[in-house]
Amino acid sequence: MSPLICAFVLGYHHLSNGDIWWGLAEGRQILEHHHLPTTNTFSYTYPDQGWTSTQWLFSVLAYLVWSLGGIPGLILTRIGLMIAMVVLLLEFCRDQRVPLSYAVIGTVLFLATSLFRFTFRAHLMSITFFVWTLFLYHRNRSPSLKRTLVVYSPLFFLWSNLHSGVVFGLAYLFLQAGLRVLDLLRSRGATSPALPRQFFPPLAALAGTLMNFNGLQVFLHPTRHLSLDRVILINEYMPPTFFGTQMMFFWITTALFLGGTAVLFRRTKWETAEALPALVFLLLALHYNRIVPYFTLAALVYLLPRIPRHHPFTAFRHTWLLHTILAYLIILAPLFFFGKTSLLEDVPQFGFGVNQFTLPVGAVQFLEQHPVPDPIFNHFFWGGYLLWRLYPRNAPFIDGRIPAYPPEFVHTYSLMNTQPQVFYRADSLYHFNALILDHGTFQWDTADSLDARHWGLVYWDQFGHRIFVRRTEANRAYLEQFEFRLYKQFFSLMKATRLLTSSDSTTFRTEIIRHNHWAKNPWDSFMIDLLDLQEPLP
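## As for the overall build of the protein chain
- Per the secondary structure count, the protein chain includes 24 helices and 4 strands.
- A burial count over the protein chain gives 57% of its 538 residues as buried.
- Summarising the internal contacts of the protein chain: among those between residues at least 6 apart in sequence, 73% fall at separations of at least 24.
- Surface accessibility of the protein chain: about 23,900 Å² in total, with carbon and sulfur atoms responsible for 64%.

## As for the packing of aromatic side chains
- One pass over the full model with this rule turns up 41 aromatic pairs.
- Centre to centre, the rings of Tyr-63 and Trp-388 are 6.2 Å apart; their planes meet at 75°, and the pair counts as edge-to-face. Of this pair, Tyr-63 sits in helix α3 (residues 56-95) while Trp-388 sits in helix α18 (residues 383-390), placing them 325 residues apart in sequence.
- When its relative accessible area of 9% is taken as the criterion, Trp-388 is described as buried.
- With a centroid separation of 5.9 Å and 20° between ring planes, the pair formed by Phe-423 and Phe-432 is classed as stacked. Residue Phe-423 shares its accessibility class with Phe-432, and that shared class is buried.
- Stacked on the ring of Trp-51, the Lys or Arg Arg-401 has its end atom at 5.3 Å from the ring centre.

## Observations concerning the packing of helix α5 (residues 122-139) against helix α7 (residues 166-187)
- Running from amino to carboxyl end, α5 crosses α7 at an angle of 20°, the nearest separation of the two axes being 9 Å. When the interaxial angle is binned, α5 and α7 end up roughly parallel. With respect to the hand of their crossing, α5 and α7 are arranged in right-handed fashion. Counted together, Ser-126, Phe-130, Thr-133, Leu-134, Tyr-137 and His-138 of α5 and Val-166, Phe-168, Gly-169, Tyr-172, Leu-173, Gln-176, Ala-177 and Arg-180 of α7 form the full contact between these two elements.
- Here the contact of α5 with α7 is built from residues that sort into 8 nonpolar, 5 polar and 1 charged.

## So, the side chain of His-163
- With respect to the secondary-structure elements, His-163 resides in the loop between α6 (145-162) and α7.
- Judged by relative accessible area, His-163 falls into the buried class, the value being 14%.

## With respect to the sheet that holds strand β3 (residues 455-460)
- Pairing in this open sheet of 4 strands is mixed, and the strands run β1-β2-β4-β3 from one edge to the other. On the outer flanks of this sheet lie β1 (376-378) and β3, each paired with one strand and no other. The mean inter-strand angle of the sheet, taken between neighbouring strand axes irrespective of direction, is 20°.
- The pairing of β1 with strand β2 (residues 434-437) spans 3 bridges and is parallel. Bridge pairing in β2 places Phe-377 opposite Leu-435.
- Sheet contacts for helix α17 (residues 361-369): β2, β3 and β4 (466-470); angle to β3, the most-contacted strand, approximately 115°.

## Details of the pairing of β4
- Burial within β4 is extensive, with 5 of its 5 residues counted as buried.
- The pairing of β3 with β4 spans 5 bridges and is classified as antiparallel. The residue of β4 that forms the bridge with Trp-460 is Arg-466.
- Connecting β3 to the next strand, β4, in antiparallel fashion are 5 residues, including Gly-464 with a positive phi near 85°.

## Points about helix α20 (residues 420-430)
- Within α20, burial applies to Val-422, Phe-423, Ala-426, Asp-427 and Tyr-430. One face of α20 carries all of its buried residues, which in axial projection span an arc of 145°.
- Contacts made by the buried residues of α20 are with β1, α19 (407-416), β2, β3 and β4.
- Count one or two residues on from α20 and you reach His-431, which has phi positive near 55°.

## Observations concerning the side chain of Ser-59
- Turning to its location among the elements, Ser-59 is positioned in helix α3.
- Its relative accessible area of 0% is what places Ser-59 among the buried residues.
- At 2.7 Å, the side chain of Ser-59 and the side chain of Glu-26 are in polar contact.
- When near neighbours in sequence (up to four residues on either side) are disregarded, Ser-59 contacts Gly-23, Glu-26 and Gly-27.

## Some remarks on the packing of helix α14 (residues 276-285) against helix α15 (residues 292-303)
- Packing of α14 against α15 leaves a shortest axis separation of 8 Å and a crossing angle of 155°. By the angle between their directions, the pair α14 and α15 is classed as roughly antiparallel. Once α14 is placed against α15, the crossing between them reads as left-handed. Contacts between α14 and α15 involve Ala-278, Phe-281, Leu-282 and Ala-285 from the first element and Val-292, Tyr-294, Phe-295, Ala-298 and Ala-299 from the second.

## Some words on a nonpolar patch on the surface
- Nonpolar side chains collect at one region of the surface, where Trp-251, Leu-258, Leu-276, Leu-279, Leu-283 and Leu-286 lie side by side and expose about 540 Å² of accessible area between them.
- Looking at the nonpolar patch, the elements that each hand over two or more residues are α12 (244-267) and α14.
- Ranked by residue count, the leading element in the nonpolar patch is α14, at 3 residues.
- One can find Leu-286 in the loop between α14 and α15.

The rules behind the values
- Residues numbered from 1 in each chain as written.
- Predicted model: local features only at pLDDT ≥ 70, side-chain atom pairs only at ≥ 80, totals over all residues.
- Heavy atoms only, no water.
- Helix = DSSP H or I, 4+ residues; strand = E, 2+ residues; numbered from the N terminus.
- Buried < 20%, exposed > 50% of the residue type's maximum accessible area, 1.4 Å probe, protein only.
- Contact = heavy atoms within 4.5 Å.
- Areas by Shrake-Rupley, 256 points an atom, 1.4 Å probe, with all protein chains shown as cover.
- Phe/Tyr/Trp six-rings, centres within 6.5 Å; stacked < 30°, edge-to-face > 60°.
- Lys NZ or Arg CZ within 6 Å of the ring centre and 35° of its normal.
- Axes fitted to C-alpha atoms, helices over the stretch in contact; angles between N-to-C directions.
- Parallel < 35°, antiparallel > 145°, perpendicular 65-115°, else oblique.
- Left-handed = near helix turned anticlockwise from the far one by under 90°.
- Nonpolar A, V, L, I, M, F, W, Y, C, P; charged D, E, K, R; others polar.
- Pairing = 2+ DSSP bridges.
- Arc of directions from axis to C-beta.
- Polar contact = N/O pair within 3.5 Å; in protein donor to acceptor, adjacent residues only side chain to side chain.
- Patch = residues over 30% accessible without salt bridge, like charges linked within 9 Å, V, L, I, M, F, W, Y side chains within 5 Å.
- Salt bridge = Lys/Arg side-chain N within 4 Å of Asp/Glu carboxyl O.

Here you go:
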């Protein structure tokens, strides 16, 4: 039960990733127009750029789930997929006669290392199908042609329309088939009738992948989906050391895998050759953190069946107590990770909702109620959410569909993080009418970043999400209604005591009361003390 409890706890938290939202918008567009998108019509920067969605089926299914159950429906679906993966892994361990305690620990390691990949997005489908592939492949070591065609071809046909991660499943099957053929050649000779059968699964999977246009696109244009610019941009905002808890479990799994492989090498050199798929995925995971779940799965599938049947836990009589302790540790792990933001802050992260720390929920709601004309500059990870909530009235500057933009544009955006002059050049090209930012959009985002003579602050909430509107004649009435008069060039809490005067405080309080878009938040009482205000905010 403990892995199932872990899967539920890790799945039962607010949606925080930006990709699900452009996926929902894409699914909505497909169902409304009855055809797959061929160009990047969502963005105002490159609307004619070619775009082939390798996850169109996931987008359609996600939109249907949202239509039926809303945000709770999406989160329940995520929980269901995670529980299904746990059940398949435990069933695999039972088939391989893996001791129960080790099966539980291995499953927990998989969940812990894959924590940040369990957002509701197309990548979750690839992890699910990868688990399914491992389960089917290792259950039958001598498959027939009919069975493989019936099982693997439909499986990979569906997978290639859900996410381009289908390439990891194909890579694993071909690597394992090659190793099994070498094993047969070594033990039985080249005349073994079982040799051709080993390539039935990967060939059947490849046939199912190539039977549709999406599968062809993955092979014909691999650089569009695994481009260097994409890796640079993602890793720039999410380096491997960013997710401390996840990477801690990743290094634990890596140590177990390498240590176990070294021990097995002393027994038989050939047996360690079967660790090759896991080693390949490990080398990829060291450079791209999205490969971590595939490495963890491949490593566990290799190690767990090779654990000695007699281990220290077999002598432990009260195994139920051991599993109960594991269950509590598993439940405490995500609580420890979410820690401060989940338990101490006023805005929770567990439950059926949207994470307001990572997504501009309030800012977008403000723009829905008080729209501004395009073009709007936005944070890369916010583009999908803006697309879902504001399109077609407002289109994003950039969103998570990196292959939908030219490589030079992606490279330019990545430079905006550290070089303000690159942002100003883009501003002179696109003439932004509004900016929607947070304190982490740019590394150079400081109190002197924007000139108050050209930009007016119209929205600012407790999460640091801000909206600026350009000072133009067309925006005069908008700014007169919504601008914060106190604005001191990116006012920040840390510099409040230096930037505010007593007269400013009175003006600031007046503006807060006059504009209802300043939501009540945990900062209220602190701000009152900071500004030396005697009356509470309404």
